[in-house]
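Coordinate analysis (summary)
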Amino acid sequence: MQICYDVIVVGGGHAGCEAALVSARMGMQTALLTMNLDTIAQMSCNPAIGGLAKGQLVREVDALGGEMGKVIDATGIQFRLLNASKGHAVRSPRAQADKRLYQFTMKRRLEEQVNLSLRQDSVEDIVVHDKGILALAGKSGTSYRAKAVIITTGTFLNGLIHIGSSQSTGGRSSEPSADKLSNSLQNLGFELDRLKTGTPPRLNGNRINYSVLQEQVGDEQPTAFSFSTEKIQRPQIKCYITYTNSLTHDIIRSNLDRSPNFTGQIKAVGPRYCPSIEDKITRFPDKDHHQIFLEPEGLDTTEVYCNGISTSIPFDVQEAMIHSIKGLENADITRYGYAIEYDYVPPTQIKPSLEAKNVENVFLAGQINGTSGYEEAAAQGIMAGINAVLKIKGCEPFILGRSEAYIGVLIDDLVTKGTQEPYRMFTSRAEYRLVLRHDNADRRLMKYGYKYGLINKKQLNELLEKEKSISETIEYLEYSKREQDSLLKLLKRPNMCFKDLLEIDNNLRKRNISVPVQEQVEIEAKYEGYINRQKRQIEKFKKMEKLALPPHFHYESIPGLRKEAQQKLDRFRPVSLGQASRISGVSPADISILMVYLMSKSKKKLNR
C-alpha cells in the first residue's frame, strides 16, 4: 500500500510535534509517523519545561505560533521564574509538568489538527526519487511518499541502553531502537556519530520522608509561557531538595569499576552540563555533597523524579546510593536510572534552514542534530516545519539571526560550529541577550508567526495595541513632571518601579495600563543606555551578515587566505561573512581578506 502526503514527520517527540503542527497549519497534508502513538511528546527525562535560556526558547516558539508553551501552561503543576532577583536578560520561566497530562494534552492537539494524520509505524528506509519526491518504507509494509521529510528521531537511532555491564538495544527504556534508519541515512550520504545521555532513578513518593527535607515552592503569581495564557489555573505542588553525602560518594567510588562510564563500555560523549553522579564525584573530588531536586511527576501519581543523580551504575548500587541519602532511607525505586548511546548527524551537514546540504527536501530537527533538551528540540521542530513548507512552495527559507532570537543562536551555533557533545542552550551563548529576553519574545517574533499564518489577526492586533500602549506610556512619563524630574527619569532610579509611579500619579493610575505593558516600560526605562548600545552592536553585526557568500565560492582561489581557512570554509559553506566569522579555525585576518575580496568583486561588477 502506498500513501502520499506533502510533508512527513518521522518521530513524535517534542521536535516532531511542533514540526507536524506547523506544517499542517500552513496548509500541507502532513503525516506524523511514530513507533508508538502512546508516547507522543513523552518526557523521557525530567518532567519540566523551561529553565535558564530554555524558557526563552519556549516563549519564542509560542510567539511563532507553536504549541509547547500553551500545553505546559495547561498542565504545569509548579511555576518558577528563575533568576528573578537578577537582571532581566538572565531571567527564565520554568515549570514542573504533570508528565502524563502534558503528553496526552499534546497528543490530543495533534489529533484535532486539520490536515494532520497520526500513524503508528517505524520508518526503515528513505529513498530519493526523481523531482525530489521522497519515498519512505515503513516496517508495516506501507510505502509513504512526500515532497519533504522532517526527521526528528531523538535518541532512537541505533539506541543502546546501559545499566552496569548490561546492554540492550532501545531508544528509550522498554522501547525498541530504530536501527535500519541509521543505515538508510548513511546510504544517503550522511556522516553519523554517537552521543550519550542518561536519566536518574524514579522513586515512590509515599516512602520518602519529606519532613526532613527542604521545601521548594513555586511562585505566588506564576509566569505563563504562552502569550495567549491569561492565568495559570491548575493547582500547584511543592518540590523538595536533598543532598548526596560522603557515604553516597563512598558507595559510588567503590563501584566505579562496575559503571559503564568508567569501564570503557560507553564510548560516546555525554552532556557536559548535566553529568552523571559518577562523573560529578570524580570531577569534583573535594565536594562533599551534590544537590538533588525531588520533582513529583504528576498530580495522579506518587512517582518522583530525582533530578541531579543521573546514573548507569548497577541496580544494587543504585539501591545503596538512594538509601544513603537523607529522606530517602526507606524509599522504593520504581524505575532505575540508565545511560543511552545513540546516533546523531553532526549538524554542520545541514543548512541554516535545517535542510540537509546533501539531500534536497530532507530536514533534520532535535537530538538528531546533537542537541539535548525538549526546548531545543521544539525550537528546531517549528523552524524545520516552516522551512519544509516554504521549500515546497518555492519560497525563500525562514532564517532567524543571532540578534533576533535564541532560536537563531541555537541553529547558527549548530550549523557553523557543529557539536561533539549534547548541545544545551545557555544565556551566555547569546551575545545580544539583553534584547533577547523572555518577556519580549512576542514583540520580536510574532510578526513572523503572522506572516506564515501561525498567528491570527486577533493575536496580532493585541500585540499592536500593546506596542501602542508602551509607546504612549513612555511618552506620558517623559512629559509628566514630579517636582524637577520627569516620571520617566524617576523610573530610571534603582529603587523605583512602575508600581511606585502609580502611587504618586493619579492620572497614570487612571490609564489602566496592563501589567505586561508596565513591565516593558520599566525595562526600557532602566536599561535604555545598555539596550541602545546593544542595538548599535546589532546594526554592525547585520552589515556583516548581509555580505552574502556565493554557495559555490572557490575559496582556494582567494590570495592570502590561509589553507586551514580555505578548508573550513569549503567544508561548512557559510551563507554570509558573519557566519564565516564564527567558524572555528577562521581567523579575523581571514575575514578581512574575504571582505576585501568581496568588495573588490562588487566594485568590478558596478564598473562593467
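We now turn to the structure provided with this report.

Before going further, it helps to examine the pairing of strand 18 (residues 291–296). Two strands pair when backbone bridges link them, and strand 17 (residues 239–243) and strand 18 are joined in this way by four bridges, in the antiparallel orientation. Following the sheet pairing, tyrosine 243 is matched in strand 18 by glutamine 291. Once strand 18 ends, the chain turns through six residues before running back antiparallel as strand 19 (residues 303–307).

Once that is clear, we can look at the sheet that holds strand 18. Sheet architecture is open: six strands sit in the order 16-17-18-19-15-20, paired in antiparallel fashion. Looking along the sheet, the strands with just one partner apiece sit at the ends: strand 16 (214–216) and strand 20 (333–335). In this sheet, adjacent strand axes meet at a mean angle of 35 degrees when their direction is disregarded. Bridging between strand 15 (residues 202–204) and strand 20 involves two bridges; their strand directions are antiparallel. Following the sheet pairing, leucine 203 is matched in strand 20 by isoleucine 333.

A separate point is the packing of helix 6 (residues 246–253) against helix 9 (residues 315–323). Following both chains from N to C, one finds helix 6 and helix 9 inclined at 170 degrees, their axes separated by 9 Å at the closest point. Considering their axes alone, helix 6 and helix 9 lie roughly antiparallel with respect to each other. Contact residues: Thr248, Ile251 and Ile252 in helix 6; Val317, Ala320 and Met321 in helix 9. Tallied by class, residues from the contact of helix 6 with helix 9 come to five nonpolar, one polar and no charged.

All right, on to the packing of helix 13 (residues 457–479) against helix 17 (residues 515–526) then. Between helix 13 and helix 17, the shortest axis-to-axis distance is 9 Å and the interhelical angle comes to 50 degrees. On the basis of their axis angle, the class for helix 13 and helix 17 is oblique. Of the two possible hands of crossing, helix 13 and helix 17 adopt the one that is right-handed. Along the contact surface, helix 13 presents Lys466, Ser469, Ile470, Thr473, Ile474 and Leu477, while helix 17 presents Pro516, Val517, Gln520, Val521 and Glu524. Per-class residue counts for the contact of helix 13 with helix 17 are six nonpolar, three polar and two charged.

Of note, arginine 511 is situated in the loop between helix 16 (506–510) and helix 17. A C-alpha to C-alpha distance of 47 Å links arginine 511 and arginine 582, two positions 71 residues apart in sequence. Once you skip the residues sitting within four places of it in the chain, arginine 511 turns out to touch Glu472 and Tyr476.

On the surface, Lys447, Arg533, Arg536, Lys540, Lys542, Lys543 and Lys546 cluster together into a positively charged patch. Sorting elements by how many residues they give to the positive patch places helix 18 (residues 528–546) first, with six residues. Structurally, lysine 546 is set in helix 18.

On to the packing of aromatic side chains, then. In this description, an aromatic ring pair is defined by two values, namely the gap between the centres and the angle between the planes. This model, assessed by the stated rule, comprises nine aromatic pairs. On the basis of an interplanar angle of 45 degrees and a centroid distance of 5.1 Å, the ring pair of phenylalanine 398 and tyrosine 448 is categorised as tilted. With phenylalanine 398 in the loop between helix 10 (374–393) and helix 11 (406–417) and tyrosine 448 in helix 12 (residues 441–451), this pair connects stretches of sequence that are 50 residues apart. Residue phenylalanine 398 shares its accessibility class with tyrosine 448, and that shared class is buried. Against the face of phenylalanine 227 rests arginine 59, its NZ or CZ located 4.2 Å from the ring centre. The ring of tyrosine 423 has arginine 429 sitting right over it, with the charged end atom 4.1 Å from the ring centre.

The subject of this paragraph is the sheet that holds strand 3 (residues 30–34). Reading across from one edge, 7-3-2-11-22 is the order of the five strands in this open sheet, with parallel pairing throughout. The open sheet has two edge strands, strand 7 (116–120) and strand 22 (362–364), and neither has a second partner. Put simply, the sheet's adjacent strands are angled 20 degrees from each other on average, direction ignored. Here strand 2 (residues 7–10) runs beside strand 3; their pairing, made up of four bridges, is parallel.

Rules used in this analysis
- Residues numbered from 1 in each chain as written.
- Predicted model: local features only at pLDDT ≥ 70, side-chain atom pairs only at ≥ 80, totals over all residues.
- Heavy atoms only, no water.
- Pairing = 2+ DSSP bridges.
- Helix = DSSP H or I, 4+ residues; strand = E, 2+ residues; numbered from the N terminus.
- Axes fitted to C-alpha atoms, helices over the stretch in contact; angles between N-to-C directions.
- Parallel < 35°, antiparallel > 145°, perpendicular 65-115°, else oblique.
- Contact = heavy atoms within 4.5 Å.
- Nonpolar A, V, L, I, M, F, W, Y, C, P; charged D, E, K, R; others polar.
- Left-handed = near helix turned anticlockwise from the far one by under 90°.
- Patch = residues over 30% accessible without salt bridge, like charges linked within 9 Å, V, L, I, M, F, W, Y side chains within 5 Å.
- Areas by Shrake-Rupley, 256 points an atom, 1.4 Å probe, with all protein chains shown as cover.
- Salt bridge = Lys/Arg side-chain N within 4 Å of Asp/Glu carboxyl O.
- Lys, Arg positive; Asp, Glu negative; His and termini not counted.
- Charge placed at Lys NZ, Arg CZ, Asp CG, Glu CD.
- Phe/Tyr/Trp six-rings, centres within 6.5 Å; stacked < 30°, edge-to-face > 60°.
- Buried < 20%, exposed > 50% of the residue type's maximum accessible area, 1.4 Å probe, protein only.
- Lys NZ or Arg CZ within 6 Å of the ring centre and 35° of its normal.

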